[in-house]
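Commentary on secondary and tertiary structure
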Amino acid sequence: MEETHNNRTSLVKGAKDIAKEAKRHAAKKVGKVVDRAADEYSSQRSYSRFQNEGDEEEEERPYGQPEEDDGTASDATEGHDDEDEIYEGEYQGVPAHADGKPRDGQLALGQPLSDSQKGRTELEQERQAEEEELAQQYELIMQECGHGRFQWQLFLVLGLALMSDGVEVFVVGFVLPSAETDMCVPNSGAGWLGSIVYLGMMFGAFFWGGLSDKLGRKQCLLICMSVNGFFAFLSSFVQGYSMFLCCRMLSGFGIGGAVPIVFSFFAEVLAREKRGEHLSWLCMFWMIGGIYASAMAWAIIPHYGWSFSMGSAYQFHSWRVFVVVCALPCVSAVVALTFMPESPRFFLERGKHDEAWMVLKQIHDTNMRARGEPEKVFTVNRIKIPKQLDDLVEMQSETANPAAKALFRVQAELRGIWRTFQRCFEYPVRDNTIKLAAVWFTLSFGYYGLSVWFPDVIKHLQADEYASRVKLHNNERIEDFTFNFTLENQIHTNGEFLNDRFISMKFKAVTFIDSSFQNCYFEDVTTVGTFFRNCTFVEALFYNTDIDDSKLFSSRVINSSFHHNKTGCQIKFDDDYSAYWVYFVNFLGTLAVLPGNIVSALLMDKIGRLSMLGGSMVLSGISCFFLWFGNSESTMIFMLCLYNGLSISAWNSLDVVTAELYPTDRRGTGFGFCNAMCKLAAVLGNLIFGSLVGITKALPILLASAVLVAGGLVSLRLPDTRNNVLM
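Residues numbered from 1 in each chain as written. Predicted model: local features only at pLDDT ≥ 70, side-chain atom pairs only at ≥ 80, totals over all residues. Heavy atoms only, no water.

1. Observations regarding the overall build of the protein
- The number of helices and strands found in the protein is 20 helices and 16 strands.
- Counting all 727 residues of the protein, 49% fall into the buried class.
- Of all intrachain contacts in the protein linking residues separated by at least 6 positions in sequence, the fraction that spans at least 24 positions is 67%.
- Here the protein displays about 33800 Å² of accessible surface, and carbon together with sulfur accounts for 59% of that area. (Helix = DSSP H or I, 4+ residues; strand = E, 2+ residues; numbered from the N terminus. Buried < 20%, exposed > 50% of the residue type's maximum accessible area, 1.4 Å probe, protein only. Contact = heavy atoms within 4.5 Å. Areas by Shrake-Rupley, 256 points an atom, 1.4 Å probe, with all protein chains shown as cover.)

Structure representation (structure tokens):
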């Protein structure tokens, strides 16, 4: 009876213990829900819910052990790490078998599964849950750090990098005519410079964006900007057109990584309520880059005196000085970036807790000192780290060839970039990637296409006006006369020149047709746009001129001699009657985006990213129809400014949305892919719209309008990220 009574007492006590454990765990779950809800509205931020559960809860008691006093832990569970638990509330005291040991191939009840015993899908689900928890905690940490001096310092440094991207785009258009003329590029090779730079930027955006998800934002930005600065500087000294193309392509490859890395980097140090506005302010540096390039081109390129030459083979003209000056923002960005830390969000994503904590503390302390509160303490002690699933596999052989090690590392990084790119087309970001790529492509196609078409149309109108003022001379006879002045915009037909002297003069846009030159003397003569068609030269002497076979079409040269002919293309920018005008037009078009930049920055968080993106693209498409009335230079310039001012809000919104839609482990890759689609559209826009100049006005207008409106409608299907934390 006494033994039976003891057994019954033990059973009753065990039942009470089990009921008490169930009640305690139910209360704990309710407490967690209340704590999470309170964190959103509490003025005091608490990070306890992101730390180990063992620090805030009682340890479980084994079955049958006497209940201990509150605030103490049992010997059986002392030192147990609740962070490793996967079955919350699992009773820990019941062994799997009578001997207390699990059988082979089985786990004891309540014991956590190791990562090696879990499937890939389960690990990815756990990582996804941990990333969501990290995103919430990181948002609270950034709010505690505040927005102040550190963000403004990084704003200026990244702004210089973004400014370099804007300069690179405008350098192409400003240098193109001068470089092709200076290097004697035939018409078949003209136009390749603009396309080759955009192709380099396309591959660079994809490569550097993907690499920034592996090596870090700061490190990749430093490397890509250094590549851009080196080859941009080198391109100003090379003489051959093929080498110049190669240098500009590699320069574009380097600067291609600026946009995806800059916006990813800056978004990761901004709190939610500041992100949209300040990313929009950052976009202004692209406009500043365009203004800088326009002003430098206006001030430098037309000044032919800013040049030197070593003989006739090596010439350093003013446009090369302009190329060197345009590399200065890139060099400044590289120098300033060396003093900035890596993105703390990237450190956390790669499992580097201590490095991330140090950067976050630096941000906090820098901002607090600037506010006059240096005594304020950074209260974060522990930050959630997501599981690391894709670790780099090192080579086993320590004595392997260094070249083989480097090759292996490169191959591993490339495979990692490709795997990350493939993950951009997996749930839940697949649909967003497709929509974003479509919006980037359509906006870029319309913008860059019309950006090429507008200046070319203006040049075409100017050329028509210039041609309308041509002077015609027919059946003239000039004998024993000295020409020592400039002949410009003239056509001489059936002319006869006898014993004439052409000394220290210039032919500019002059054409001789069916004319004869007998016993004439040409000395120190320079020609620009001048040709001799079906002409005859009898006993003529050419000394130090640039008249050669390329200027003579179906012409006969009889008993004539050429001495000390000028080599290379002779160019003086005062010959280009539209040089100042073209730079001024681009300057106005770039300056016109300033109001749009300010409006988009102030309203980005008020009316929403998608409303601004879709509305701006649709309005830009509608504004294209007003081009029907562009029959003069002033009207076209006004339309150019209107179009640029309306479209800039779409660019700013798209940059913000793209940075916010992708999680941190794919942000650089996804942004780089979208920016690569942007540059591909720029190449196609240059080719298609450039071929339509002077042919038709209807097709460019309808094409640009349809593409922009379609892209704007697609953008409205994107998810709104205004109230989301940065994943």
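Now that the structure is up, let's keep going.
2. Considerations on the packing of helix 5 (residues 217-235) against helix 7 (residues 258-267)
- Remark: helix 5 packs on helix 7, axes separated minimally by 10 Å, with the N-to-C direction vectors making an angle of 150°. Judged on the interaxial angle alone, helix 7 and helix 5 are roughly antiparallel. Seen along the crossing, helix 5 lies across helix 7 with a hand that is left-handed. Taken together, the residues of helix 7 that come into contact with helix 5 (itself represented by Arg 217, Lys 218, Cys 220, Leu 221, Cys 224 and Met 225) are Ala 258, Ile 261, Val 262, Ser 264 and Phe 265.
- Class assignment of the residues belonging to the contact of helix 5 with helix 7 gives a composition of eight nonpolar, one polar and two charged. (Axes fitted to C-alpha atoms, helices over the stretch in contact; angles between N-to-C directions. Parallel < 35°, antiparallel > 145°, perpendicular 65-115°, else oblique. Left-handed = near helix turned anticlockwise from the far one by under 90°. Nonpolar A, V, L, I, M, F, W, Y, C, P; charged D, E, K, R; others polar.)

3. Let's talk about the side chain of Ser 653
- One can find Ser 653 in helix 18 (residues 633-661).
- Discounting chain neighbours no more than four positions away, the residues touching Ser 653 are Met 604, Arg 609, Met 612 and Leu 613.

4. Here we look at the environment of Phe 207
- You can see Phe 207 is positioned in helix 4 (residues 192-215).
- Overall, the relative accessible area of 26% leaves Phe 207 in the partly exposed class.
- Separated by 462 residues in the primary sequence, Phe 207 and Thr 669 have C-alpha atoms spaced 8.1 Å apart.

5. Observations regarding the sheet that holds strand 7 (residues 496-498)
- Spatially, five strands are ordered 4-7-9-12-15 in an open sheet, and the strand pairing comes out parallel. In the strand order of this sheet, the two ends are held by strand 4 (477-479) and strand 15 (556-558), each with one partner. Taken pair by pair, the neighbouring strands of this sheet meet at an average axis angle of 5°, ignoring direction. (Pairing = 2+ DSSP bridges.)

6. Here we look at unusual backbone geometry
- Its identity is not glycine, yet Asn 499 carries a phi of approximately 50°, on the positive side.
- Exposure remark for Asn 499: the relative accessible area of 31% places this residue in the partly exposed category.
- In this model, Asn 534 sits at a positive phi of 55°, which is unusual for a non-glycine residue.
- The residue Asn 534 is located in the loop between strand 11 (531-533) and strand 12 (536-538) in this model.
- Accessibility expressed as a relative area gives 44% for Asn 534, which makes it partly exposed.

7. Re the pattern of salt bridges
- This model, assessed by the stated rule, comprises 16 salt bridges.
- Each of Asp 213, Arg 217, Glu 268 and Arg 667 takes part in salt bridges that share partners, so that together they form one network. (Salt bridge = Lys/Arg side-chain N within 4 Å of Asp/Glu carboxyl O.)

8. Details of a nonpolar patch on the surface
- The grouping of Leu 619, Ile 622, Phe 625, Phe 626, Trp 628, Phe 629 and Leu 702 at the surface amounts to a nonpolar patch, some 720 Å² of accessible area in total.
- Inspection of the secondary structure assignment puts Phe 629 in the loop between helix 17 (609-623) and helix 18.
- Overall, the relative accessible area of 58% leaves Phe 629 in the exposed class. (Patch = residues over 30% accessible without salt bridge, like charges linked within 9 Å, V, L, I, M, F, W, Y side chains within 5 Å.)

9. Let's talk about the pairing of strand 10 (residues 521-528)
- For strand 8 (residues 501-513) and strand 10, the ladder comprises seven bridges, and the chain directions are parallel. Bridged to Lys 506 within strand 10 is Thr 526.
- Summarising the sheet, strand 10 and strand 13 (residues 541-543) pair through three bridges and their orientation is parallel. Bridge pairing in strand 13 places Tyr 521 opposite Leu 541.

10. Some words on the packing of aromatic side chains
- For the structure shown, the criterion picks out 39 aromatic pairs.
- When the centroid spacing of 4.3 Å and the interplanar angle of 5° are considered together, the rings of Phe 542 and Phe 562 count as stacked. Placement of the pair is Phe 542 in strand 13 and Phe 562 in strand 16 (residues 561-563), with a sequence separation of 20 residues.
- On the accessibility criterion, Phe 562 (34% relative accessible area) is partly exposed.
- Sitting over the face of the ring of Phe 553, Arg 533 holds its NZ or CZ atom 4.9 Å from the ring centroid. (Phe/Tyr/Trp six-rings, centres within 6.5 Å; stacked < 30°, edge-to-face > 60°. Lys NZ or Arg CZ within 6 Å of the ring centre and 35° of its normal.)

11. So, helix 16 (residues 593-607)
- An ideal rise of 1.5 Å per residue puts 21 Å on 15 residues; helix 16 measures up with 19 Å between its terminal C-alpha atoms.
- Ala 601 marks the point of greatest bend in helix 16, at about 35°.
- Restricting attention to buried positions, one finds in helix 16 the residues Val 593, Gly 596, Asn 597, Ser 600, Ala 601 and Met 604.
- Just past helix 16, the residue Gly 608 takes up positive phi, approximately 100°. (Expected span 1.5 Å × (residues − 1). Bend = angle between axes of the 7 residues up to and from the residue.)

12. Digging into the packing of helix 5 against helix 6 (residues 241-255)
- The geometry of helix 5 relative to helix 6 is characterised by a closest axis approach of 7 Å and an angle of 160° between their N-to-C directions. In terms of orientation, helix 5 and helix 6 fall into the roughly antiparallel class. Considering only the axes of helix 5 and helix 6, their crossing is left-handed. From helix 5, Cys 224, Met 225, Val 227, Asn 228, Phe 231, Ala 232, Leu 234 and Ser 235 reach across to helix 6, where they touch Phe 244, Cys 247, Arg 248, Leu 250, Ser 251, Gly 254 and Ile 255.
- In the contact of helix 5 with helix 6, the residues fall into 10 nonpolar, four polar and one charged.

13. Description of the confidence of the model for the protein
- Taken residue by residue, the protein gives an average pLDDT of 75. The fraction at 70 or more is 71%.
- Put simply, strand 1 (residues 308-310) is where the protein has its lowest mean pLDDT, 53, and strand 9 (residues 516-518) is where it has its highest, 92.
- Every residue in residues 37-111 is under pLDDT 50, and counting partners more than four places away or in other chains gives 103 contacts.
- Confidence over residues 391-397 falls short of pLDDT 50; this stretch has 10 contacts with residues more than four positions distant or in other chains. (pLDDT = per-residue confidence, 0-100.)

14. Description of the environment of Gly 645
- Take Gly 645: it is sitting in helix 18.
- Expressed as a C-alpha distance, the spacing of Gly 645 and Ala 592, which sit 53 residues apart in the sequence, is 5.4 Å.

15. Quick look at the state of the cysteines
- For the coordinates displayed, the defined rule picks out zero disulfides.
- Distance from the sulfur of Cys 247, which forms no disulfide, to the nearest cysteine sulfur (Cys 246) is 5.7 Å. (Disulfide = S-S within 2.5 Å.)

16. Focus: the side chain of Thr 530
- Counting through the fold element by element, Thr 530 comes out in the loop between strand 10 and strand 11.
- Taking the relative accessible area as the measure of exposure, Thr 530 reaches 1% and is therefore buried.
- A distance of 3.0 Å separates a polar atom in the side chain of Thr 530 from the backbone oxygen of Phe 507.
- Looking at Thr 530, its side chain comes within polar contact range of the main-chain nitrogen of Val 510, at 3.5 Å.
- Once residues lying within four places of it in the same chain are set aside, the contact partners of Thr 530 are Phe 507, Lys 508, Ala 509, Val 510 and Lys 551. (Polar contact = N/O pair within 3.5 Å; in protein donor to acceptor, adjacent residues only side chain to side chain.)

17. Comments concerning helix 13 (residues 402-423)
- If you check helix 13, its first and last C-alpha atoms are 31 Å apart, about what 22 residues at 1.5 Å a residue would give, namely 32 Å.
- For helix 13, the complete set of buried residues consists of Ala 412, Glu 413, Gly 416, Ile 417, Thr 420 and Phe 421.

18. Thoughts on the environment of Lys 679
- Tracing the backbone shows Lys 679 in helix 19 (residues 667-691).
- With a relative accessible area of 2%, Lys 679 lands in the buried category.
- Taking the C-alpha atoms as reference points, Lys 679 and Trp 440, separated by 239 residues in sequence, lie 9.2 Å from one another.
- Each residue touching Lys 679, except ones within four places of it in the same chain, is listed here: Tyr 198, Met 201 and Met 202.

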